[in-house]
Amino acid sequence: MVATADGSIGKQGFVTAVLNELENYSYFYACGPEPMLKAVCAESKSSGACSFEERMGCGFGACMGCSCETKYGNKRICRDGPVLEKEEIIW
Ligand code: FES
């Protein structure tokens, strides 16, 4: 299912509204602004993966500007990601 803010494609509204309508899914993939990723992780009933595509500084692991706290220690989105599992992310 697809959701867009303006309704130009799929359902109009936030992706969390579509997510709440789905009953039979076992995994999700999400990319976009961090508040949306956080909302999807909070609302989803399954495991899933989030792509943190906007959290980049140098892009090659030197600046630590993309560091993200996880259950397994800090990870650099540019080197260790950009995709992290829902269960490992500490918001
Ligand atoms: S963007 Fe600099 S360490 Fe990831």
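Computed from a predicted structure; not experimentally measured. The residue numbering used here restarts from 1 in each chain and proceeds along that chain's sequence as written. In view of the model being predicted, local features appear only for residues whose pLDDT reaches at least 70, and side-chain atom pairs are presented and counted only at 80 or more, with totals across whole chains, interfaces and linings using the full set of residues.

Undergrad: I'm lost on the overall build of the protein in this one. Help?
TA: Strands here are runs of E lasting at least two residues and helices are runs of H or I lasting at least four, both read from the DSSP assignment and numbered beginning at the N terminus. Tallying secondary structure elements over the protein gives 3 helices and 7 strands in all. Going from N to C terminus, the protein has its helices and strands arranged as β-β-α-β-α-β-β-β-α-β. The dimensions of the protein, computed from C-alpha atoms along their principal axes, are 40 × 25 × 15 Å. Note on burial: count the other C-beta atoms lying within 10 Å of the residue's C-beta; 20 or more is buried, 12 or fewer is exposed, in between is partly exposed, and C-beta positions come from the backbone. Evaluated residue by residue, the protein yields a buried proportion of 11% over its 91 residues. Long-range contacts, defined as pairs at least 24 residues apart, comprise 25% of the intrachain contacts of the protein with a sequence gap of at least 6. Think of it this way: build a C-beta for each residue from its backbone, and any pair within 7 Å is a contact.

Undergrad: Help me understand the pairing of strand β3 (residues 27-31) in this model?
TA: Taken residue by residue, a regular strand's side chains alternate between the two faces of the sheet. Should DSSP find at least two bridges between two strands, the strands are regarded as paired. Judged from the 5 bridges that link them, β3 and strand β4 (residues 47-51) form a sheet pairing that is parallel. Across the sheet, residue Ala-30 finds its bridge partner in β4, namely Cys-50.

Undergrad: When you look at the sheet that holds strand β7 (residues 83-85) in this model, what are you seeing that I'm missing?
TA: Sheets are built from strands paired through backbone hydrogen bonds, the pairs being either parallel or antiparallel. Strand order in the open sheet made by the 3 strands is β3-β4-β7, with mixed pairing throughout. In the strand order of this sheet, the two ends are held by β3 and β7, each with one partner. If you compare each strand with its neighbour and ignore which way they point, the axes differ by 20° on average. With axes taken as lines fitted to C-alpha atoms, and helix axes fitted only over the stretch in contact, angles between N-to-C directions fall between 0 and 180 degrees.

Undergrad: What is the right way to look at the nonpolar core in this model?
TA: As a rule of thumb, nonpolar side chains are buried together in soluble globular proteins. Val-15, Leu-19, Leu-37, Val-40, Cys-50, Phe-52, Cys-66, Ile-77 and Cys-78 form the largest nonpolar core, which has 9 residues in total. Listed by contribution, the elements that provide at least two residues to this core are α1 (15-21), α2 (34-43) and α3 (77-80). Once you skip the residues sitting within four places of it in the chain, Val-40 turns out to touch Val-15, Thr-16, Leu-19, Phe-28 and Ala-30. Residues of type Ala, Val, Leu, Ile, Met, Phe, Trp, Tyr and Cys that are buried and joined through C-beta atoms within 7 Å form what is called a nonpolar core.

Undergrad: Explanation requested: the confidence of the model for the protein in the structure shown.
TA: Parts of the model with low pLDDT should not have their predicted coordinates read in detail. The quantity called pLDDT is the predictor's confidence in a given residue, expressed from 0 to 100. Here the protein shows a mean pLDDT of 92. Residues at 70 or above account for 98%. Per-element confidence in the protein is highest for β7, whose mean pLDDT is 97, and lowest for strand β1 (residues 3-4), whose mean pLDDT is 86.

Undergrad: Help me out: how do you make sense of the environment of Ala-62 in this one?
TA: Structurally, Ala-62 can be placed in the loop between β4 and β5 (67-70). Considering only alpha carbons, one finds Ala-62 and Gln-12, 50 residues apart in sequence, at a separation of 40 Å.

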